[in-house]
Amino acid sequence: SAYTRVRQSQWGDRMLQRVFGLLGAADWAALAYFLAGWIAYGYWADRGPGAARSLRGITEQHRMQWGAQMVRRENRIVDSALTGNLMNSVSFYANTTIYIIAGLIAVAGTLDQLMRFTADLPFAKQTSKAILEAKLFLMIAIFVFAYFKFTWALRQYNFLSILIGGAPPHDSVPDELERHARKHASLNTLAGDEFNRGIRAYYFGFAALAWFVSPAIAIGATLLILAVLYRRDFRSQTLATLAQ
């Protein structure tokens, strides 16, 4: 009925007011800067104009070379071992992320102690329990996101091992070998991209941690994380070495 729709609209308006009234202007600015920086950098590093010259682009070229070498090898034990090594690295991060999420959930039960701890920090801003809960929820969401990225990367590396096992004989026709090499390199790159996004979430988790101190420090931490990521992806010595 019309009365029910009006009541639902009023309830929705009150909920929005409570949500937007939970944080002050500085906190909203810090959150917006954090999310915009993370999303914008992720797009720039993965799909931007300079992505082909970044660490991601250069390693993609090396993955193409790996695929081309793999299909021409008679014995692919080395390729299986390398894939297993990649899976172990991703599995380590996935397991670690589970422990971090469990720790953050445990912290949610000790918010009063967390409030006393943050109150004693230099430059810390006095805040309410509801705001601390919102910041803690952001931290949990970041590492849940990282966990999904790591587990998806792990599954893709499992699929990659299947491709290695199902590769055509090394003396097959060149077109068939090239198709399989490209498939191998493409799946390898997809798995690597998901792993990189999970690692990137860890970096931005440190920026979100600074939000517990103050919005200004959170903005500064976001800028610092962006600078570190940009240097490593586009200006590092590792990139220069791989690009030679």
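Residues numbered from 1 in each chain as written. Predicted model: local features only at pLDDT ≥ 70, side-chain atom pairs only at ≥ 80, totals over all residues. Heavy atoms only, no water.

(A) Region of interest: the packing of aromatic side chains. Applying the stated criterion across every chain yields a total of 14 aromatic pairs. Pairing phenylalanine 143 with tyrosine 202 gives two aromatic rings, centres 5.3 Å apart and planes at 80°, and the pair type is edge-to-face. Pair noted here: phenylalanine 143 is in helix α6 (residues 129-165) and tyrosine 202 is in helix α7 (residues 174-210), with a separation of 59 residues, a long-range link. According to the relative accessible area criterion, phenylalanine 143 is buried, its value standing at 7%. The structure contains a cluster of three or more aromatic residues connected by ring pairs, namely Phe92, Tyr93, Phe143, Phe150, Phe195 and Tyr202. (Phe/Tyr/Trp six-rings, centres within 6.5 Å; stacked < 30°, edge-to-face > 60°. Helix = DSSP H or I, 4+ residues; strand = E, 2+ residues; numbered from the N terminus. Buried < 20%, exposed > 50% of the residue type's maximum accessible area, 1.4 Å probe, protein only.)

(B) Spotlight on a nonpolar patch on the surface. A cluster of nonpolar side chains, namely Trp152, Phe159 and Ile162, defines an oily patch on the protein surface of about 290 Å² accessible area. Relative to the elements of secondary structure, phenylalanine 159 occurs in helix α6. With relative accessibility at 33%, the residue phenylalanine 159 sits in the partly exposed group. (Patch = residues over 30% accessible without salt bridge, like charges linked within 9 Å, V, L, I, M, F, W, Y side chains within 5 Å. Areas by Shrake-Rupley, 256 points an atom, 1.4 Å probe, with all protein chains shown as cover. Salt bridge = Lys/Arg side-chain N within 4 Å of Asp/Glu carboxyl O.)

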